[in-house]
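Understanding the architecture of this molecule
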Amino acid sequence: ASKLDALTKAGKVASELHKKIASMCKPGTSLLEIEATTKDIIKAAGMTPSFTGFNGYPAATCISVNNEIVHGIPTNYIIREGDVVSVDLGVTCNEWIVDTARTHLVGDVDPVLLRLRDVADEALSLAQKVAKSGNTTGDIGAVIYDHVTKNGFFVIKDLTGHGVSKVLQDEPSIPNYGQHGRGVKLKKDMVLAIEPIITDKPCHIGVAPDGWAILSDNGAIGVHSENTIIVTDNEPIVLTA
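The rules behind these values
Residues numbered from 1 in each chain as written. Predicted model: local features only at pLDDT ≥ 70, side-chain atom pairs only at ≥ 80, totals over all residues. Heavy atoms only, no water. Buried < 20%, exposed > 50% of the residue type's maximum accessible area, 1.4 Å probe, protein only. Helix = DSSP H or I, 4+ residues; strand = E, 2+ residues; numbered from the N terminus. Axes fitted to C-alpha atoms, helices over the stretch in contact; angles between N-to-C directions. Parallel < 35°, antiparallel > 145°, perpendicular 65-115°, else oblique. Left-handed = near helix turned anticlockwise from the far one by under 90°. Contact = heavy atoms within 4.5 Å. Nonpolar A, V, L, I, M, F, W, Y, C, P; charged D, E, K, R; others polar. Pairing = 2+ DSSP bridges.

As a further point, take unusual backbone geometry. Of note, the bond from Glu171 into Pro172 is cis; its omega dihedral lies within 30 degrees of zero at -5 degrees. Even without a glycine there, the phi angle at Asn94 is positive, about 45 degrees. A residue is classified by how much of its surface remains accessible, and Asn94, at 47% relative accessible area, is partly exposed. A positive phi angle, near 80 degrees, is found at Glu95, a position not held by glycine. Of note, Glu95 is situated in the loop between strand 4 (84-93) and strand 5 (96-105).

All right, on to the packing of helix 3 (residues 111-130) against helix 4 (residues 137-150) then. At their nearest, the axes of helix 3 and helix 4 sit 9 Å apart, and the two run at 150 degrees to each other. Comparing their axes, helix 4 and helix 3 come out roughly antiparallel. Helix 3 and helix 4 meet at a crossing whose hand is right-handed. Residues Val119, Glu122, Ala123, Leu126, Ala127 and Val130 of helix 3 form the contact with helix 4, whose participating residues are Asp139, Ile140, Val143, Ile144, His147 and Val148. Its residues assigned to classes, the contact of helix 3 with helix 4 shows nine nonpolar, one polar and two charged.

Here we come to the sheet that holds strand 13 (residues 222-224). Read from one edge to the other, the open sheet built from three strands follows the order 6-10-13, with strand pairing classed as antiparallel. Looking at strand neighbours, the two that pair on one side only are strand 6 (154-155) and strand 13, the edges of this open sheet. Bridge analysis of strand 6 against strand 10 (residues 197-199) gives two bridges, and the strand direction is antiparallel. Counterpart to Phe154 in the pairing with strand 10 is Thr199. Relative to strand 10, helix 3 is tilted by about 155 degrees, and along the sheet it contacts strand 10 and strand 13.

This is how it looks when you write it as structure tokens:
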């Protein structure tokens, strides 16, 4: 099967999976249930979870709750009303990988956090529009940063998007800030994971004792919105929409 065919199939499974997970993100669901469902659905599709074993990572999903920004290992934590739950996952089909994340707000959530999630989604949409051949990683970063900051929110500068191929994290790195026209020039057929990772207040980040979860140091809440795209001469092919 061709690269495009494999990526398209993986992207379809990943987007269906996010819909299923959205319906599970409600009070009383254990993070381990989301992890198990993810594994089952990917396996049933004849594909493999890209995250499992990546640099020794132990799970198919990263599930980051509230002040966990990214890379939360799923545990038996039970989702509660008001939680902000970011689910990041990868699907591999015939060696080709898609990487995608969505943030789910559980029940009655602070309106500021609703806006935070929407701004991350909007920033991703705006970034995808400039992800065309001849533009640069700086164009993507500048668009994300401008949208996030003008809405009063904050970009985590240490966490970036990236190229994706048969390797989960490939070149180029795609920071969520930058200058138009700077950075790596985008070329047709590049596969990129674009992922605004933003918080409701400024914070520093650190690594949890488990060596994986990235936490804010002051209770700042993180949201994460990510698609894998293929660069074209016009608007990209969004594999995980």
